[in-house]
Amino acid sequence: MRLAGEALAGTEITRRLVLHAGLLAAAGFALSGCGRDDELHLEASDIASYGFLSHAQAAVLSDVADIMIPRTETAGASDTRTIQYLDQLMQTWAGETTKLEVDDFIERLENRAQATHQTAYLNLPDDVRRNLLQGIDKASFAESSGDASGTSYRRVKWLIFHIHYTSEAANPDFILIPGQYHGDVSETEYLALVEENRY
Amino acid sequence: MSTDFDAIVVGSGISGGWAAKELCEQGLKTLVLERGRHLDHPSPEYTDFQAPWDMEHRGMVPEIYDEQGRYRMLKRKGWTYRNEFIQFFVDEKDYPYTYPEDRPFMWTRGYQLGGRSLTWARQSYRWGPKDFEANAKDGHGIDWPIRYDDLAPWYDHVEAFAGISGAQNGLPDLPDGDFLKPWEMSCAEDYVASNINRSFADRHMIIGRCANLSEPREVHNALGRGRCQSRNYCMRGCSYGAYFSSLSATLPAAERTGNLTVIADAIVSEVILDPETQRATHVKVIDHHTKQERLYSARVIFLNASAIASTQILLNSSSEAAPNGLANASGQLGNYIMDHFGHAGASGTVPGLDDRYEFGRKPTGIYIPNYRHEREEGQDFDRGFGFQGGAQRTRTGHAGARQGIGKAAKSEIGEWQSWTFGIGMFGEMLPYQDNSLRLHPNKTDAWGIPLAHLDCHIRENERKMIRQAEIDAAELLRAGGCTNVESVRTPDDEHVMVGGKTHEMGGACMGHDPANSVLNKWNQTHDVANVFVTDGACMSSCGTANPSLTYMALTARAARHAVELLQEGLL
């Protein structure tokens, strides 16, 4: 499936554009009241390439990943194409339990948005979505948490972080071949060695 | 292709590679049979040039393996369960073995040319005089028919070729050798080692001796082996050939003689005995793919399939003349299975070095050799233990497994932490006659070979060691100047799985007396003079130091002896 025709291929699109492309409408999401201008930084070809996630699920997870790992002075989850890679993992690596947990997390997130705000998750304002996820995060890692929603959240969160932090953009100082070992260097010396041997 | 050779070597791992090299260099037309697939060196299966983002599944083992019940033991092992080198390990679902339900045994294998020499930890220590005297001294097991001095020149021989980095420490119980430049300790390791070495007369922390080329010599360069690049990705395979393996070193050395033939996918099921001459004449092979049987003949046969597999082959080589298995007149074949054991250790923080860093990833840590050979006052067990470990300085990892999201959580990632230090014990398991390997009476593998059945467990002597090692580990780190020291050990009522250290030994032990041992002082079976066993199966005790260097030395020594016997017309 191509996003809004071939004309969009290769162009950077915003979440709003995704929404208006009708991909989420098909899943029953309301389109009004978004009020956001944050960008997904997706290529249209990326959107078209999801194989496990529905486009609606991909949009939700992309938003979740960006809230978890926003772009700051360093790359964010969208920059590292985390959800596209997660979608690939679901097709090539994940077992049935993980696949169910991904689905379960998204469903529970939507249900929670509906129950507390009477609208779809993506329709919520930025601060509300962030607060919603912060609350889920806190509850999921609370010592007494043993509920299923915490389980699926923790699994999805771990995957998102693992994918992002094993990406090239998130590892600017990675050195594949140090070529030498020094067991006692100052910070200045260390940084100079990193600079000399950067991947 | 000819099926007749001067020598056959079964297995191509650490000891098989050495047997091949020595026999070929002495002019014997030698066939190496490897049950696993062929691998080149460097191999397309090596993953040592992959950055984290290049790795398939970002380094995660496919979850389908869990669903299919595959690689269960490798997963229990933990640190080896990585997608980037899982291809070098065997799935017991495809290659089963059995054990009593309440006493699982961990048999970690690698079925490819080079065997486990691709994935070994490369720690290379000479055993000391006390290690070879221990059985005679305390009466456990069978007295070794050799002593350190018998093996010392062969340690020299194998160290020079393999390339072992290490310091000359001058410790009587851990002899020095012909070492390459030692790896530098990190500042934290140096700090802790200095404190420990000042605090104890008998406990020494040294840099680990490992088979990574810190400074290649001509003998290494001649085989295309290069200097270690401080990547510490050894288990992925090393395209530089910087750590010693059969693929990088011994097999190429054997090949350049023109005397080597290697056949992969060749599963040796048995050694065939001529009852009239009491000599082995053939090795029976089952093709991995076609399951067709073939015979290869030779004047001398070296079994180097691993402690378990070599013993299994001998047990499966029963005949009218040898009803309990080949070379089993003593009835001791399959007994005295051993392994090192851990299950106790400690960790702590190294203070005062937060402004110091390390660059590169050295391929070894530290070593504290066994200091408990003697029963000191208050020591209620025989033998002893050493420790291995090291210091590391890490950064805060990502928050994927803990609370925190958003900019705040992101900003915490990558912060340098203080140096931490960890050590874990390597205990000497006593040789127990009834820790055994037998052929399963009715279960066979896909090639019709009876499964190995392993019934082994640790006893009270080992439990006492674990308890003492926990105390010692904490004491050592505190003496080393560490703070926040925490110790751990496995509870007394929890099963300690033999095989967990991948140092299986015994099964065809060496000894003076044919009535109670399988091999003589030359690793030659007492019963069948042209069959030698020089892998872990031959070990009469297991010491505390990693055994591979000793396998190498024993193999080179036995190979030279076999050649001399052939030249004298005695085989």
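Residues numbered from 1 in each chain as written. Chains lettered and ligands numbered in written order. Predicted model: local features only at pLDDT ≥ 70, side-chain atom pairs only at ≥ 80, totals over all residues. Heavy atoms only, no water.

Chemist: Lay out the pairing of strand β6 (residues 279–287) of chain B in plain terms, naming residues and giving numbers.
Modeler: Residue and element names in this part refer to chain B. Bridge analysis of strand β5 (residues 266–274) against β6 gives 8 bridges, and the strand direction is antiparallel. If you follow D274 over to β6, its bridge partner there is R279. The loop that links β5 with its antiparallel partner β6 comprises 4 residues; one of these, Q278, has a positive phi angle of about 55°. For β6 and strand β7 (residues 293–303), the ladder comprises 5 bridges, and the chain directions are antiparallel. (Pairing = 2+ DSSP bridges. Helix = DSSP H or I, 4+ residues; strand = E, 2+ residues; numbered from the N terminus.)

Chemist: Lay out the nonpolar core with the relevant residues and their values.
Modeler: All names here are of chain B. With 176 residues, the main nonpolar core has L33, F244, F302, F387 and F421 as its most contacted residues. Here this core takes 12 residues from helix α12 (residues 548–567), the largest share from any one element. Apart from residues lying up to four places away in sequence, F244 is in contact with I14, W18, S117, W120, F161, A162, A211, R225, A249, T250 and M552. (Core = buried A, V, L, I, M, F, W, Y, C linked by side-chain atoms within 4.5 Å. Buried < 20%, exposed > 50% of the residue type's maximum accessible area, 1.4 Å probe, protein only. Contact = heavy atoms within 4.5 Å.)

Chemist: So what about the packing of helix α5 (residues 96–117) of chain A against helix α6 (residues 126–140) of chain A? Which residues, and what values?
Modeler: Residue and element names in this part refer to chain A. The N-to-C vectors of α5 and α6 enclose an angle of 120°; their axes lie 12 Å apart at closest approach. Viewed along their axes, α5 and α6 adopt a mutual orientation that is oblique. α5 and α6 meet at a crossing whose hand is right-handed. Note on element contacts: α6 touches α5 through V128, L132, L133 and I136, opposite F105, L109, R112 and H117. Partitioning the contact of α5 with α6 into residue classes produces 6 nonpolar, 1 polar and 1 charged. (Axes fitted to C-alpha atoms, helices over the stretch in contact; angles between N-to-C directions. Parallel < 35°, antiparallel > 145°, perpendicular 65-115°, else oblique. Left-handed = near helix turned anticlockwise from the far one by under 90°. Nonpolar A, V, L, I, M, F, W, Y, C, P; charged D, E, K, R; others polar.)

Chemist: Which residues make up the packing of aromatic side chains, and what are the values?
Modeler: In the structure shown here, the tally under the stated rule is 27 aromatic pairs over all chains. Look at W127 of chain B and W144 of chain B: their rings are 6.0 Å apart centre to centre, the planes differ by 75°, and that puts the pair in the edge-to-face class. Placement of the pair is W127 of chain B in the loop between α3 (72–77) and α4 (129–138) and W144 of chain B in the loop between α4 and α5 (148–162), with a sequence separation of 17 residues. Classification of W144 of chain B as buried rests on a relative accessible area of 0%. Aromatic pair F385 of chain B and F387 of chain B: ring centres 5.6 Å apart, planes at 80°, arrangement edge-to-face. Here F385 of chain B matches F387 of chain B in class, with each residue buried. Through a chain of ring-to-ring contacts, three or more aromatic side chains come together here, namely Y190 of chain A together with Y357, F359 and W416 of chain B. In this arrangement the basic side chain of R557 of chain B is found over the ring face of W522 of chain B, its NZ or CZ atom lying 4.1 Å from the centre. (Phe/Tyr/Trp six-rings, centres within 6.5 Å; stacked < 30°, edge-to-face > 60°. Lys NZ or Arg CZ within 6 Å of the ring centre and 35° of its normal.)

Chemist: Requested: an account of the pattern of salt bridges, with residues and values cited.
Modeler: All names here are of chain B. Throughout the structure, instances matching the rule amount to 46 salt bridges over all chains. For R299, the salt bridge goes to D6, with nearest N and O atoms at 3.5 Å. Highlighted residues: R299 in strand β7 and D6 in strand β1 (residues 4–10), separated in sequence by 293 residues. Look at R299 and you get partly exposed, because its relative accessible area is 41%. Between K130 and E374 there is a salt bridge; the shortest N-O distance is 3.3 Å. Of this pair, K130 sits in helix α4 while E374 sits in the loop between β11 (366–368) and β12 (385–392); the two residues are 244 residues apart in sequence, bridging distant segments of the chain. One network of salt bridges, with partners in common, ties together E460, R467, E470, R489 and D492. (Salt bridge = Lys/Arg side-chain N within 4 Å of Asp/Glu carboxyl O.)

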